[in-house]
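# Chains, contacts and geometry: an overview
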Amino acid sequence: MNLNVDWHAGWPSAKHDPAPEIQIHAAEPRTVIMRQNMSVNFEAPFMFLLFGNDRALLVDTGATPEAVYFPLRRTVDTLIDAFLTENPNPDYGLVVAHTHGHGDHKAADAQFADRERTTVVGPDLDEVVAHYGFDDWPLTPRELDLGGRTVDVIPGPGHHRSATVFYDRATRVLLTGDTFYPGRLYVQDWEAFENTVDKLVAWCEAHPVSHLLGCHVEMSTRPGASYPRGWTYQPDEAPLPMTVAQLRELQRVVKALHGAPGEHVFDDFEVWWKGE
């Protein structure tokens, strides 16, 4: 799996940015990573498209609803058409899911509302629980079968009440959303966040994990240095992929903080918690 890619990180003048609205990188033939151009929206979220034999899974829909500014549906359709050229299937479907329900991860949902053979999983907790069949949320993961490719959906509240983490058995990648990435980890519920971090560390100890991929990059290559919120040009970004060792470090510092409010800065991430 090739994750060695120079992600476009904005432009000194967003108005004059020559890059496309969406950067596309095929990490391997059945796994595509996309990033929304920072000049379109400063959040610059990452999205993931995983191809199974029967249907594809799109994880997150970005930060901008209008197709004229952010043509996510057109981009995904083009990628699926290319896949089906090599793997014909007239009944091929698409599942649109989310790492959580914040606006910069679900804004373009409506672009897929009228798409045939497409299921859009609602981002609210009751919709997430109902779709995946979480009858003991947030305890037991569920399986999502794409046809010859299984993705485990792991409950992960703490940053957001309906947050989920996706484990792709094919690539051994853990898609951690905003729970863990090189940037500011905003905590909504400290106890839930700590439990989720413990759960993810335990998952990594029980399963082979090649990389952890979140949905943003906000840290620079200098340890402990992040870009201010709202910037649209980050020329020296930290790499997107993170390691199990870095996740264990997050577990260590979360326990050491004991729920103390503050903007806690570490080499590879920050933990922001306002308190109760």
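As recorded in an unreviewed UniProt entry, the protein chain goes by Glyoxylase-like metal-dependent hydrolase (Beta-lactamase superfamily II) and comes from Glycomyces artemisiae.

## Points about the packing of helix H3 (residues 190-206) against helix H4 (residues 244-257)
It is at 10 Å that the axes of H3 and H4 come closest, and there the two elements cross at 145°. The crossing of H3 and H4 is left-handed. Listed contacts from H4 to Trp 190, Phe 193, Glu 194, Val 197, Asp 198, Leu 200, Val 201, Cys 204 and Glu 205 of H3 are Val 244, Leu 247, Arg 248, Leu 250, Gln 251, Val 254, Lys 255 and Leu 257. Within the contact of H3 with H4, the residues separate by chemical class into 11 nonpolar, 1 polar and 5 charged.

## A few points about the packing of aromatic side chains
Each pair of aromatic rings is reported with the distance of its centres and the angle of its planes. This structure, assessed with the given rule, holds 11 aromatic pairs. Between Phe 134 and Trp 137 the ring centres are 5.2 Å apart and the planes differ by 70°, which places this aromatic pair in the edge-to-face class. You can call Phe 134 buried: its relative accessible area is 3%. Each member of the aromatic cluster is reached from another via a ring pair, and the members are Phe 51, Phe 83 and Tyr 92. The lysine or arginine in question, Arg 184, covers the ring of Trp 272, its NZ or CZ lying 5.8 Å from the ring centre.

## Points about the pattern of salt bridges
Scanning the model with the defined rule gives 16 salt bridges in all. Between Arg 35 and Glu 237 there is a salt bridge whose closest N-O contact spans 2.7 Å. Pair noted here: Arg 35 is in strand S2 (residues 31-36) and Glu 237 is in the loop between strand S12 (211-214) and H4, with a separation of 202 residues, a long-range link. In this pair, the class of Arg 35 matches that of Glu 237, namely buried. Several salt bridges share partner residues, and in doing so they unite Arg 73, Asp 77, Asp 114 and Arg 115 into one network.

## Details of unusual backbone geometry
Most peptide bonds adopt trans geometry, and most residues besides glycine take a negative phi value. Across the junction of Trp 137 and Pro 138, the peptide omega takes the value 5°, indicating a cis bond. Tracing the backbone through its elements, the reader meets Pro 138 in the loop between helix H2 (125-132) and strand S7 (142-145). The backbone phi angle of His 258 is positive, close to 55°, even though this residue is not glycine. Relative to the elements of secondary structure, His 258 occurs in the loop between H4 and strand S13 (262-265). His 258 gets classed as exposed once you look at its relative accessible area, which sits at 69%.

## Digging into the sheet that holds strand S4 (residues 55-59)
Spatially, 6 strands are ordered S1-S2-S3-S4-S5-S6 in an open sheet, and the strand pairing comes out mixed. Each end of this open sheet is capped by a strand with a single partner; those strands are strand S1 (22-28) and strand S6 (118-120). On average, each strand axis in the sheet is tilted by 15° relative to the strand beside it, whichever way the strands run. In this structure, strand S5 (residues 93-97) lies alongside S6, joined through 3 bridges in parallel fashion. Paired with Val 95 across the bridge in S6 is Thr 119. In the packing of helix H1 (residues 72-86) onto the sheet, the strands contacted are S1, S2, strand S3 (46-51), S4 and S5, and the crossing angle to S3 comes to about 25°.

## Description of the sheet that holds strand S10 (residues 173-177)
Across the sheet, 5 strands lie side by side as S7-S8-S9-S10-S12; this open sheet has mixed pairing. Strands at the two margins of the open sheet, each flanked by one partner only, are S7 and S12. The mean angle between the axes of side-by-side strands here comes to 25°, regardless of whether they run parallel or antiparallel. Pairing geometry for strand S8 (residues 150-155) and strand S9 (residues 164-168), over 5 bridges, is antiparallel.

## Digging into the nonpolar core
One finds Leu 174, Phe 180, Val 209, Leu 212, Leu 247, Leu 250 and Phe 269 to be the most contacted residues of the largest nonpolar core, which totals 27 residues. Taken together, the elements giving at least two residues each to this core come down to S9, strand S11 (184-187), H3, H4 and strand S14 (270-273). For this core, the leading source of residues is H3, giving 7 residues. The contacts of Phe 180, once residues within four sequence positions are left out, are Leu 185, Leu 212, Gly 214, Met 242, Thr 243, Gln 246, Leu 247, Leu 250 and Phe 269. Ranked by size, the runner-up nonpolar core spans 26 residues in total, among them Trp 7, Ile 33, Val 121 and Val 217.

## Observations regarding H3
Each full turn of the α-helix corresponds to 3.6 residues, which orients residues three or four apart in the same direction. Here H3 contains 17 residues, and its C-alpha end-to-end distance of 24 Å stays within 8% of the 24 Å for a straight helix at 1.5 Å per residue. Here H3 has its buried residues at Trp 190, Ala 192, Phe 193, Thr 196, Val 197, Leu 200, Val 201, Trp 203 and Cys 204.

## Things to note about the environment of Val 153
With respect to the secondary-structure elements, Val 153 resides in strand S8. Separated by 19 residues in the primary sequence, Val 153 and Phe 134 place their C-alpha atoms 9.8 Å from one another. When sequence neighbours within four positions are dropped, the list of residues in contact with Val 153 reads Tyr 132, Phe 134, Pro 141, Arg 142, Leu 144, Thr 164, Val 165 and Phe 166.

Quick notes on the rules
- Residues numbered from 1 in each chain as written.
- Predicted model: local features only at pLDDT ≥ 70, side-chain atom pairs only at ≥ 80, totals over all residues.
- Heavy atoms only, no water.
- Axes fitted to C-alpha atoms, helices over the stretch in contact; angles between N-to-C directions.
- Helix = DSSP H or I, 4+ residues; strand = E, 2+ residues; numbered from the N terminus.
- Left-handed = near helix turned anticlockwise from the far one by under 90°.
- Contact = heavy atoms within 4.5 Å.
- Nonpolar A, V, L, I, M, F, W, Y, C, P; charged D, E, K, R; others polar.
- Phe/Tyr/Trp six-rings, centres within 6.5 Å; stacked < 30°, edge-to-face > 60°.
- Buried < 20%, exposed > 50% of the residue type's maximum accessible area, 1.4 Å probe, protein only.
- Lys NZ or Arg CZ within 6 Å of the ring centre and 35° of its normal.
- Salt bridge = Lys/Arg side-chain N within 4 Å of Asp/Glu carboxyl O.
- Pairing = 2+ DSSP bridges.
- Core = buried A, V, L, I, M, F, W, Y, C linked by side-chain atoms within 4.5 Å.
- Expected span 1.5 Å × (residues − 1).

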